[in-house]
Structures are given as C-alpha cells and as structure tokens.
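Residue-level structural notes
Now for the letters of each chain:
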Amino acid sequence: METILETHHLSKRYKRQYANYDISLSVKRNTVYGLLGPNGAGKSTLLKALTGMVIPSSGEIVFDGKPWSRSDLAAIGALIESPPLYDNLTAYENLKVRTLLYDLPESRIDEVLETVALTDTGRKRAGHFSMGMKQRLGIAAALISHPKLLILDEPTNGLDPIGIGDLRRLIRSFPEQGITVILSSHMLSEVEQTADEIGIIANGRMWYEAPVHESEDLETLFLEVVKNSMEQAEQQDVMTKRQVV
C-alpha cells in the first residue's frame, strides 16, 4: 500500500537531551496509524515536527512523495493539545474564521459540521460546549481545508465513554473519505479498536511498528516493548559511563 508520510532518522535535540532520536516511521495512505508511548516518550514532539510547530535537529520528513515543506501544511490538519477555539463564538463562527483564513467557500462550514455531528448547536457559544463537543469542533477546524492527513494528539482526553465511542466511530470514518489519520493516545484499548497500524515510542525512540492484529494483546505488547526500551537505555548509560571513565 502506498505511503503518505515517512520520517527518516528524525531527531530533535534540546541542549544536551534528545526528545526524539533517529525516528523512522511509515504511514500508509487512507489508514489510521496509532502512535503509542508512555508520558514523556516524545509523541507530542514528533507530531509537532510533522506540523511545523517544531523544527527537527536532523533527519527528513517525506509527505505525499516529496520532502516536507511548509506549503504542505495546507494538506495537513491537526488537533494537538487543546482545541484552538474562540469561546465567545458559535461553532459556525469559529469555522467562519478559518474559511476566511484559508479563502474557502462558506459552504464548507456546513459540510464539516455535518461530518462531526454539530449541526444543531445554533447560537450556543463554544465556551459552553461539553468537552466532547469541543473536541469535535476542534476536529472540524482541522478538517476545514480538505486535508489529506489528520493528526490527532490525545483526542479522547476528558471524554466520557459515550463521547469516546462517538469519536472512535468518527475517526474510523475518515479513511473512507480519503483522509489518513495519525492518532496519538495513551488509551491502549481505543487505539486497538481504531488503528490499522501502530508505532510505539519510548525514551524518544521508535521501538516497534507493525499492523494491529486482533489475536494480539496490545497491552502485553506495549509493556514488553517499553520494558525492553528501558533496559536498553540503561545498558547504553552504563556503556557511556565506562567510556567517560
């Protein structure tokens, strides 16, 4: 299957510490890619590099068959951290701001509101939305420019079970619409039910990448990969200390 996004030996260094180190991943077109990792593993840094929010220290990003450039951001929608909403505006007005920014027809607003099931919010301001509604409006904003790739960082944070189920079904619908999704989450069960492939990051490195198999226990796999990564990191620290001595 054709890939839409690849990274080759991507690293991001802050002073003496790497947030990402030598990460190579491959995301197939029109699939959901689940990005897993413990807190502080480097997931958000990687996603920010893919969206131009962070400049990599080294390595390469290839998007849609060519080296990534800032012009590609028009084809990449993202919801990273909290939805960037204007609390004093309605859902429609929030999206109207973005159609003006991207020079898109106003008819696009109704299209994405229907996609995320927010057509009946009327004059209600976004600041009074539930967490699930805010997340869906944030996704609508990310969809407004017809992206080929949608990046979602912990989109189920703060949602109740009903909201999580609704969001899961929404995400699974995107590949059928020609939208590839990268989904970062700490909720293993949600990724297991949503993703086609997964990548596991720990200590800033990519340790595992493969399709999701129904017969495989993702929690057991995840814990084993993270444990092995910690053991290897400890061994590397010991070798480094010996070389210094």
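Details of the structure are given in the entry above.
None of these values were measured; they are calculated from a predicted model.

Taken in spatial order, the 6 strands make up an open sheet running β6-β7-β8-β3-β9-β10, and their pairing is mixed. In this open sheet, the two edge strands, each paired with only one partner strand, are β6 (76-79) and β10 (205-211). Averaged over all pairs of adjacent strands, the angle between their axes in this sheet comes to 15°, without regard to strand direction. Here 4 bridges tie strand β3 (residues 32-36) to strand β8 (residues 180-184), and the two strands are oriented parallel to one another. Along β8, the bridge assignment pairs Tyr 33 with Ile 182.

Taken as a whole, the largest pocket encloses approximately 420 Å³ of empty space. Residue lining of the largest pocket: 19 residues in total, with Ile 76, Ala 78, Pro 84, Tyr 102 and Ala 142 positioned closest to the centre. Elements supplying a minimum of two residues to the lining of the largest pocket: β6, α2 (91-102) and α4 (131-143). Looking at the lining of the largest pocket residue by residue, the classes come out as 13 nonpolar, 5 polar and 1 charged.

In the sheet, strand β1 (residues 3-14) pairs with strand β2 (residues 17-28) via 8 bridges, with the strands oriented antiparallel. Bridge pairing in β2 links Leu 10 to Ile 23. Where β1 folds back onto β2 in an antiparallel hairpin, the turn is made up of 2 residues, including Lys 15, whose phi is positive at roughly 55°. Summarising the sheet, β1 and strand β4 (residues 58-63) pair through 5 bridges and their orientation is antiparallel. If you follow Thr 7 over to β4, its bridge partner there is Ile 61.

Next up on the list: the environment of Lys 48. When you line up the elements, Lys 48 lands in helix α1 (residues 43-50). Separated by 26 residues in sequence, Lys 48 and Ala 74 have C-alpha atoms that sit 15 Å apart. In this view, Lys 48 contacts Met 53, Val 54, Ile 80 and Glu 81; residues no more than four positions away in its chain are not counted.

Taking strand neighbours across the sheet as the criterion, the 4 strands line up as β2-β1-β4-β5 in an open arrangement whose pairing is antiparallel. Every interior strand has two partners, whereas the edge strands, β2 and β5 (66-67), have only one. Where α1 meets the sheet, it contacts β1, β2 and β4, and its direction lies at approximately 120° from that of β1.

Counting 42 residues, the largest nonpolar core has Leu 95, Leu 137, Ile 139 and Leu 150 as the members making the most contacts within it. Element by element, the count of residues in this core is highest for α4, at 7 residues. If we skip the residues at most four places from it in the chain, Leu 95 touches Ile 109, Val 112, Leu 113, Leu 137, Ala 140, Ala 141 and Ile 144. Counting 23 residues, the second-largest nonpolar core is a separate cluster that includes Leu 35, Ala 41, Leu 47 and Ile 151.

In terms of burial, strand β7 (residues 149-153) is a largely internal element, 5 of the 5 residues being buried. Here β7 shows no split at all, with Leu 149, Ile 151 and Asp 153 on one side and Leu 150 and Leu 152 on the other all buried. The sheet contact formed by β6 and β7 spans 4 bridges and is parallel. Each bridged residue has a counterpart across the sheet, and for Gly 77 the counterpart in β7 is Leu 150. Relative to β8, β7 is paired through 5 bridges, and the arrangement is parallel. Within the sheet, the bridge partner assigned to Leu 150 lies in β8 and is Val 181. Assessed by its sense of winding, the connection that carries the chain from β7 through helix α5 (residues 161-173) to β8 is right-handed.

The subject of this paragraph is the packing of helix α3 (residues 107-115) against α4. α4 packs onto α3 with a crossing angle of 135° between their chain directions and a minimal axis gap of 9 Å. In this view, α3 runs oblique relative to α4, as classed from their interaxial angle. α4 is crossed by α3, and the crossing has right-handed handedness. Across the interface between the two elements, Arg 108, Val 112, Leu 113 and Thr 115 from α3 touch Leu 137, Ala 140 and Leu 143 from α4. In terms of residue class, the contact of α3 with α4 is made up of 5 nonpolar, 1 polar and 1 charged.

So, how was this worked out
- Residues numbered from 1 in each chain as written.
- Predicted model: local features only at pLDDT ≥ 70, side-chain atom pairs only at ≥ 80, totals over all residues.
- Heavy atoms only, no water.
- Pairing = 2+ DSSP bridges.
- Helix = DSSP H or I, 4+ residues; strand = E, 2+ residues; numbered from the N terminus.
- Axes fitted to C-alpha atoms, helices over the stretch in contact; angles between N-to-C directions.
- 1 Å grid on protein atoms, 1.4 Å probe; cavity = no way out; pocket = protein on both sides within 12 Å on 5 of 7 lines; lining within 4 Å.
- Points joined across faces, edges and corners; volume = space filled by probe spheres on them.
- Nonpolar A, V, L, I, M, F, W, Y, C, P; charged D, E, K, R; others polar.
- Contact = heavy atoms within 4.5 Å.
- Core = buried A, V, L, I, M, F, W, Y, C linked by side-chain atoms within 4.5 Å.
- Buried < 20%, exposed > 50% of the residue type's maximum accessible area, 1.4 Å probe, protein only.
- Right-handed = clockwise from strand over helix to strand, strands pointing away.
- Parallel < 35°, antiparallel > 145°, perpendicular 65-115°, else oblique.
- Left-handed = near helix turned anticlockwise from the far one by under 90°.

Interpretation note: all reported values are geometric properties and have no functional meaning in isolation.
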